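One-letter residues, chain by chain:
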Amino acid sequence: MRCKICGAKLRKEGDICTSCYKEYCKEEALDNDTNEIFKLYRQYLPKYQLTRFFDFYMIMLLLIAASFVQKAIGLAIFFIFVTIVGVAVGLIVSKRIAVNTSCIFYEKKVVHKYKDRKKTLAYSDLKNVTYYQNFFQKLFKLGDIQFRPELGTYLTKGFEIKNVPNIEDNWAKIQEILGAEKED
Ligand SMILES: [Zn+2]
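Residues numbered from 1 in each chain as written. Predicted model: local features only at pLDDT ≥ 70, side-chain atom pairs only at ≥ 80, totals over all residues. Heavy atoms only, no water.

J.: Just to check I follow, could you spell out the packing of aromatic side chains for this structure?
T.: Each aromatic ring pair is specified by the distance between its two centres and by the angle formed by the two planes. Evaluated as defined, the whole model comprises eight aromatic pairs. Ring geometry for F38 against F105: centres 5.9 Å apart, planes inclined by 45 degrees, an arrangement best described as tilted. Highlighted residues: F38 in strand β1 (residues 38-41) and F105 in strand β2 (residues 101-105), separated in sequence by 67 residues. Take F38 and F105: they sit in the same class, and that class is buried. By way of ring pairs, the aromatic residues F38, F105, F147 and F159 are connected into one cluster. Positioned over the ring face of Y154 is R148, at 4.5 Å from the centre of the ring. Above the ring of F38, the side-chain terminus of K173 is found at 5.8 Å from the ring centroid. (Phe/Tyr/Trp six-rings, centres within 6.5 Å; stacked < 30°, edge-to-face > 60°. Helix = DSSP H or I, 4+ residues; strand = E, 2+ residues; numbered from the N terminus. Buried < 20%, exposed > 50% of the residue type's maximum accessible area, 1.4 Å probe, protein only. Lys NZ or Arg CZ within 6 Å of the ring centre and 35° of its normal.)

J.: Is there a simple way to explain the coordination of the zinc ion in this structure?
T.: Coordination angles at a metal have ideal targets, namely 109.5 degrees for four tetrahedral donors and 90 or 180 degrees for six octahedral donors. Around the zinc ion, the donor atoms from the protein are C3 (SG), C6 (SG), C17 (SG) and C20 (SG), and they sit 2.3 to 2.4 Å away. Because the angles between the four donor atoms bound to the zinc ion fall within 106 to 116 degrees, the donor set is best described as tetrahedral. When its relative accessible area of 46% is taken as the criterion, C6 is described as partly exposed. C20 gets classed as buried once you look at its relative accessible area, which sits at 11%. (Donors = N, O, S within 2.8 Å, 3.2 Å for Na, K, Ca; no water. Tetrahedral: all angles 85-135°; square planar, octahedral: opposite > 155°, others 65-115°.)

J.: Quick question: what am I supposed to make of helix α4 (residues 73-99) here?
T.: For an α-helix, the turn length of 3.6 residues means that residues three or four places apart are oriented alike. Taking 1.5 Å per residue as the helical rise, α4 with its 27 residues ought to reach 39 Å, and the 39 Å between its terminal C-alpha atoms agrees with that figure. Considered for burial, the residues of α4 that qualify are A76, F79, T83, V87, G90, L91, S94 and A98. Buried residues in α4 make contact with α2 (46-51), α3 (54-69) and β2. (Expected span 1.5 Å × (residues − 1). Contact = heavy atoms within 4.5 Å.)

Written as structure tokens, this is what we have:
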């Protein structure tokens, strides 16, 4: 007799082996863990988002200046228009991403949500959590938090939530949740 999931030889009568059974129990426990204890949001902060278009501003400024030097006023107006539209689109896109992103902490797992897409990591499968900030994020108390899995690659199993507001308070809260988990 063989395990119906992994095909391993079974010593006793049954459908699945003990390791598959354990895996199944773990998944079921995770699915049943619906008690939300904490939620992280990605913040949309126009002031911060504007700092991210710096390269774009510089290029457009050069193009506008060059057009004026060439006395091509029509072209200069066109580049000014492109700059305004570019910044507006950038702000709209970053707002849409922010309102659709969250990280929910349950008793046993953390779930990253973007629209209908979900990624789940059990605390027991979590290798480490780190946060970092660039210069402007520091000014606005924002931070990016990365969740790295014990097994598998960061790209497939891990996730990140960017621009978390009040990063220091939120970071302390996460440490508290994950710390309490480790003491069990
Ligand atoms: Zn098996």
